[in-house]
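Letter by letter, the chains look like this.
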Amino acid sequence: MTALEKVAYLRGLCEGMDMDENSREGKLFRAVIDVLTDLAGDLEDTKDSVEDMADCLDELTEELSELEDEFYECVCDSCSDCDECDCCCDDDEDDDDDEDVSFFRVECPGCGFLLTVDEDTLSEGSFECPECGEVVDLRHSHVEEVDFEDDEDE
C-alpha cells in the first residue's frame with residue numbers, strides 16, 4: 001500500500017466516524033489528513049524523480065563505458081579485449097617515453113623573449129618568435145637545456 005493509499009484510508013476512517021468537521025477535533029483531523037496527503041504526494045513525486053535519475057545514470061554509465069571501450073581500444077590485432085592484453089596496453093611504457101623529452105630555453109634576438117622549445121623544434125634549426133614574428137636561427141642563438149626539476153625546487 002502506498003503512502004497516498006494509506007492517507008486515503010485514514011480519510012475514509014474519519015468520514016466513517018461521523019465526526020463533526022466544525023468541532024475542534026474534526027478541524028484538527030482534517031488539517032492533519034490534508035498535510036499527510038500533501039506529504040504523500042511529495043513523496044511519490046520524489047520517488048518518481050529518483051527513478052528517472054537512476055535511469056538516466058544507467059544510460060550515461062552505458063554510454064561512458066562504450067566511449068571508454070572506443071577510446072582505450074587496443075592497438076594490436078592479436079587480442080580482442082584490452083583487459084586481456086599485455087602486449088600493447090602497458091601504461092608504464094608510456095610514462096617512460098614522456099620523461100625522455102628534453103626542452104631547451106632560447107632567447108629571441110629581436111625582442112629578448114625567452115622561449116622554451118622541444119628537441120624536434122631545435123633540430124629544425126629555426127622557428128618564428130611568437131612574440132615579435134622574427135625568425136630565430138638556433139644555430140646562432142644561445143641555447144641551454146631546461147631542467148624542470150631545478151625549477152620546482154625554487
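Refer to the preceding data block for the structure.
Scoring rules and cut-offs
- Residues numbered from 1 in each chain as written.
- Predicted model: local features only at pLDDT ≥ 70, side-chain atom pairs only at ≥ 80, totals over all residues.
- Heavy atoms only, no water.
- Disulfide = S-S within 2.5 Å.
- Buried < 20%, exposed > 50% of the residue type's maximum accessible area, 1.4 Å probe, protein only.
- Salt bridge = Lys/Arg side-chain N within 4 Å of Asp/Glu carboxyl O.
- Helix = DSSP H or I, 4+ residues; strand = E, 2+ residues; numbered from the N terminus.
- Expected span 1.5 Å × (residues − 1).
- Pairing = 2+ DSSP bridges.
- Patch = residues over 30% accessible without salt bridge, like charges linked within 9 Å, V, L, I, M, F, W, Y side chains within 5 Å.
- Areas by Shrake-Rupley, 256 points an atom, 1.4 Å probe, with all protein chains shown as cover.

Q: Help me out: how do you make sense of the state of the cysteines in this one?
A: Linking two cysteines covalently through their sulfur atoms gives a disulfide. Tallied over the entire structure, the rule returns 0 disulfides. Cysteine cysteine 111 remains unbridged, with the sulfur of cysteine 132 as its closest cysteine sulfur at 3.8 Å. Among the residues examined, cysteine 111 registers a relative accessible area of 38% and is labelled partly exposed. In this structure cysteine 129 is a free cysteine whose sulfur lies 3.7 Å from that of cysteine 108, the closest cysteine sulfur available.

Q: Help me understand the pattern of salt bridges, please; the structure alone is not making it clear to me.
A: Close approach of charged atoms lets side chains of opposite charge pair. Per the counting criterion, the structure on display carries 3 salt bridges. With its nearest N and O atoms 2.9 Å apart, the salt bridge here joins arginine 30 to glutamate 21. Owing to a relative accessible area of 49%, glutamate 21 belongs among the partly exposed residues under this scheme. Aspartate 137 is the salt-bridge partner of arginine 139, the closest N and O atoms lying 3.2 Å from each other. You can call arginine 139 exposed: its relative accessible area is 68%.

Q: Explain helix 2 (residues 24-71) to me, please; I cannot follow it from the model alone.
A: In an α-helix, one full turn covers 3.6 residues, which means residues spaced three or four apart are oriented alike. Given a rise of 1.5 Å per residue, 48 residues ought to cover 70 Å, and the 69 Å separating the end C-alpha atoms of helix 2 matches this to within 8%. The complete set of buried residues in helix 2 reads Gly26, Ile33, Ala40 and Glu44.

Q: What's the story with the pairing of strand 1 (residues 103-107) in this structure? I'm lost.
A: Residues in a regular strand project their side chains so that they alternate between the two faces of the sheet. The alternating pattern of strand 1 places Phe104 and Val106 on a buried face and Phe103, Arg105 and Glu107 on a face that is not buried. Where strand 1 and strand 2 (residues 114-118) come together, 5 bridges link them in antiparallel fashion. Bridging across to strand 2, arginine 105 finds its partner in threonine 116. The antiparallel pairing of strand 1 with strand 2 creates a hairpin that spans 6 residues between the two strands, and glycine 112 there sits at a positive phi of about 80°. Where strand 1 meets strand 5 (residues 143-146), 4 bridges bridge the pair, whose relative direction is antiparallel. Note on strand 5: the bridge partner recorded for arginine 105 is glutamate 144.

Q: Would you mind showing me how to read a nonpolar patch on the surface here?
A: Together, Tyr9, Leu10, Leu13, Leu28, Val32, Val35, Leu36 and Leu39 make up an exposed nonpolar region whose accessible area comes to about 710 Å². Those elements that provide at least two residues to the nonpolar patch are helix 1 (3-16) and helix 2. The greatest single-element share of the nonpolar patch, amounting to 5 residues, is contributed by helix 2. Inspection of the secondary structure assignment puts leucine 13 in helix 1. Residue leucine 13 is classed as partly exposed on the basis of its relative accessible area, which comes to 40%.

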